[in-house]
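# Analysis of the macromolecular model
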Amino acid sequence: MVVFALMIISKSGGLIYNREFHTGLSKLTSNDYLILAGSFHGMHAITSQLSPAPRIPYITPQNNMLAPSPFPNRPTGIEVMESSHFRLQCFQTQTGTKFLLVTEPQQPNVDTMMKKVYELYADYVMKNPFYTVEMPIRCEKFDRGLDGFIKVRG
């Protein structure tokens, strides 16, 4: 199975990381990636507002009555876009950062892959004292970790 590309979009909609692992899709310019990231961010925001999830009530210990949950159950927006040639899977963190993974449509366990990519991001990018949040990611250890993980999968 093939992983074509990874994109990371900041909570404000800016493209902070993109990487192609395999050829197979049309070649995009850096400007195309910026437009794709901004467009996906907008569509994701709109779709999360179209179908809001109802608040889940919980029982308070004082009076055994239902009350609204203090933890909002946020709607997620677009999670998967699939065509006959590729599958675009989105994972959004609690901070609003979006990870987009472009794979073959038949790729199994994409959710597991997304969580591993997020672990690599947390370990190598967010723990890097020289990285500034919302800025482009330039971290060699992150790149090497992705290479090792994706090549084992591919």
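For the structure itself, consult the block above.
Residues numbered from 1 in each chain as written. Predicted model: local features only at pLDDT ≥ 70, side-chain atom pairs only at ≥ 80, totals over all residues. Heavy atoms only, no water.

### Looking at the pattern of salt bridges
For clarity, the cut-off: Any carboxyl oxygen of Asp or Glu within 4 Å of a side-chain nitrogen of Lys or Arg constitutes a salt bridge here. Starting at the N terminus, helices and strands are each numbered in turn, a helix being any DSSP run of H or I of at least four residues and a strand any DSSP run of E of at least two. Three exposure classes are used, based on accessible area relative to the maximum for each residue type with a 1.4 Å probe and protein chains only: buried under 20%, partly exposed in between, and exposed over 50%.
One pass over the full model with this rule turns up 4 salt bridges. Note that Arg 19 and Asp 147 form a salt bridge whose closest N and O atoms lie 2.4 Å from each other. In this pair, Arg 19 sits in strand 2 (residues 15-20) while Asp 147 sits in helix 3 (residues 140-153), placing the two residues 128 residues apart along the sequence. Since its relative accessible area comes to 23%, Asp 147 is described here as partly exposed.

### Overview of the side chain of His 41
Under the convention used in this document: Note on contacts: a residue pair is in contact if any heavy atoms of the two residues lie within 4.5 Å.
By the secondary structure assignment, His 41 is in helix 1 (residues 30-50). Excluding its chain neighbours within four sequence positions, the residues that come into contact with His 41 are Ile 9, Ser 10, Lys 11, Ser 12, Gly 13 and Lys 98.

### Quick look at the environment of Val 133
Along the chain, Val 133 falls in the loop between helix 2 (110-126) and helix 3. Look at Val 133 and you get exposed, because its relative accessible area is 51%. Taking the C-alpha atoms as reference points, Val 133 and Ile 16, separated by 117 residues in sequence, lie 9.5 Å from one another.

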